[in-house]
Amino acid sequence: MAACGRALGLGRGLGRGLCSAPGRRLMLGSDPAVLERVSRDVELREEFVSPEEEAALLRELEPSLKRLRYQREHWDQAIHGYRETERSRWGEESEAILQRVRDAAFLPGAEQLSMVHVLDLEKEGFIRAHVDSVKFCGDTIAGLCLLSAGVMRLVSEEDKINYVDLLLQRRCLYILRGTARYTFSHQILADKESFFAGERVPRDRRISVICRNLPSSAG
Ligand SMILES: O=C(O)CCC(=O)C(=O)O
Ligand SMILES: [Fe+2]
């Protein structure tokens, strides 16, 4: 959908809107070198789950999510307009989908969090820039994006200026590793800021299903 080569209007390298690779217009960045470095540690897989698989996951998740209230009250929270749960036991169909996520993200034998994190962002919800705790999460974060597209922005922790935007299409899988996970923060843009390569990416309610590995005992 998004055309590369459009002005971004933010950060360095204004007006260049750099794409990661021809034909894969899912990543752009403020600086070619930064984009190159980060894109080695980011994987984006469009249509990782089918509409039927998405529906199966939602059937399983909706009853427990509906019992929770969206959290909105604290302006300084990293996440705004969300409800969340963790789940270790899944039905057969969902388990098979999650196994595909794990196989895509982690090496065989990698120690993973048994709890899968489910984050439900309302249409007005957003996630501010943060780096996932190194105490609880290892070097890889793998998220399935359900119900809505969105833009994930990775911002350099070193200069807070350089950034890379990821277009997260509905039903995609994203994987952040190494540099993208540790030396860049990540955020999900609010609906009013949700643009990719100058094109609007309307945000709706969005559910992410996130698998993480454990920090290595070597630290
Ligand atoms: O919703 C997402 O895909 C990201 C969630 C996130 O950054 C987090 O829970 O730490
Ligand atoms: Fe995070």
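Before reading on, note that the structure itself is shown above.
The structure displayed is predicted, hence computed values, not measured ones. (Residues numbered from 1 in each chain as written. Chains lettered and ligands numbered in written order. Predicted model: local features only at pLDDT ≥ 70, side-chain atom pairs only at ≥ 80, totals over all residues. Heavy atoms only, no water.)

(A) Layout of the site of ligand 1. Around ligand 1, the structure places H117, L119, I127, H130, D132, Y174, H186, R206, S208, I210 and R212. One of the side-chain nitrogen or oxygen atoms of R206 is found 2.8 Å away from an oxygen atom of ligand 1. Protein contacts shield 94% of the accessible area of ligand 1, which totals 290 Å² for the unbound molecule. Among the secondary structure elements, those contributing two or more residues to the shell around ligand 1 are β5 (116-130) and β13 (206-212). Looking at the shell around ligand 1 residue by residue, the class counts come to 4 nonpolar, 4 polar and 3 charged. (Near = heavy atom within 4 Å. Polar contact = N/O pair within 3.5 Å; in protein donor to acceptor, adjacent residues only side chain to side chain. Areas by Shrake-Rupley, 256 points an atom, 1.4 Å probe, with all protein chains shown as cover. Helix = DSSP H or I, 4+ residues; strand = E, 2+ residues; numbered from the N terminus. Nonpolar A, V, L, I, M, F, W, Y, C, P; charged D, E, K, R; others polar.)

(B) Representation of helix α1 (residues 32-39) within the structure. Within the sequence span of α1, burial applies to V34, L35 and V38. Seen along its axis, α1 keeps its buried residues to an arc of 100 degrees; they face one direction. N-cap assignment for α1: the residue whose side-chain oxygen lies 2.9 Å from the backbone N of A33 is D31. (Buried < 20%, exposed > 50% of the residue type's maximum accessible area, 1.4 Å probe, protein only. Arc of directions from axis to C-beta.)

(C) Expanded view of the pairing of strand β7 (residues 150-156). The buried count for β7 comes to 7 of 7 residues, which makes it a mostly enclosed element. The alternating pattern of β7 places G150, M152, L154 and S156 and V151, R153 and V155 on opposite faces, both of which are buried. Pairing analysis gives 6 bridges linking β7 to strand β8 (residues 163-168), with the strands arranged antiparallel. Bridge pairing links L154 to V164 in β8. Taking the residues between adjacent antiparallel strands as the criterion, β7 and β8 are bridged by 6 residues, where K160 takes a positive phi near 60 degrees. (Pairing = 2+ DSSP bridges.)

(D) Up close: the packing of aromatic side chains. Scanning the entire structure with this criterion turns up 0 aromatic pairs. The cationic tip of R87 hangs over the ring face of W90; the distance from NZ or CZ to the ring centre is 5.4 Å. For the cation-ring pair, R100 lies above F48, with the distance from its terminal atom to the ring centre recorded as 4.6 Å. (Phe/Tyr/Trp six-rings, centres within 6.5 Å; stacked < 30°, edge-to-face > 60°. Lys NZ or Arg CZ within 6 Å of the ring centre and 35° of its normal.)

(E) Representation of the pairing of β5 in the model. Of the strand pairs in this sheet, strand β4 (residues 79-87) and β5 are connected by 8 bridges, and their pairing is antiparallel. Note that in β5 the partner of T85 across the bridge is V118. Note that β5 and β13 share 5 bridges and pair antiparallel. By the bridge assignment, L119 is partnered in β13 with S208. Relative to strand β10 (residues 184-188), β5 runs antiparallel, the two being bridged by 2 bridges. Each residue of the ladder has a partner; that of I127, found in β10, is I188.

(F) Main features of the coordination of the iron ion (ligand 2). Around the iron ion (ligand 2), the donor atoms from the protein are H130 (NE2), D132 (OD) and H186 (NE2), and they sit 2.0 to 2.1 Å away. Classification of H130 as partly exposed rests on a relative accessible area of 21%. Residue D132 is classed as buried on the basis of its relative accessible area, which comes to 8%. (Donors = N, O, S within 2.8 Å, 3.2 Å for Na, K, Ca; no water.)

(G) Looking closely at the packing of helix α2 (residues 51-66) against helix α3 (residues 92-105). Axis separation between α2 and α3 bottoms out at 9 Å; the angle between their running directions is 120 degrees. As for the relative orientation of α2 and α3, their crossing is left-handed in sense. Contacts between α2 and α3 involve E53, A56, L57, R59 and E60 from the former and E93, S94, I97 and R100 from the latter. (Axes fitted to C-alpha atoms, helices over the stretch in contact; angles between N-to-C directions. Left-handed = near helix turned anticlockwise from the far one by under 90°. Contact = heavy atoms within 4.5 Å.)

(H) Geometry of the environment of G91. When you line up the elements, G91 lands in the loop between β4 and α3. On the basis of relative accessibility, which here comes to 30%, the residue G91 falls in the partly exposed class. Separated by 77 residues in sequence, G91 and L168 place their C-alpha atoms 26 Å apart.

Structural measurements only, silent on function.
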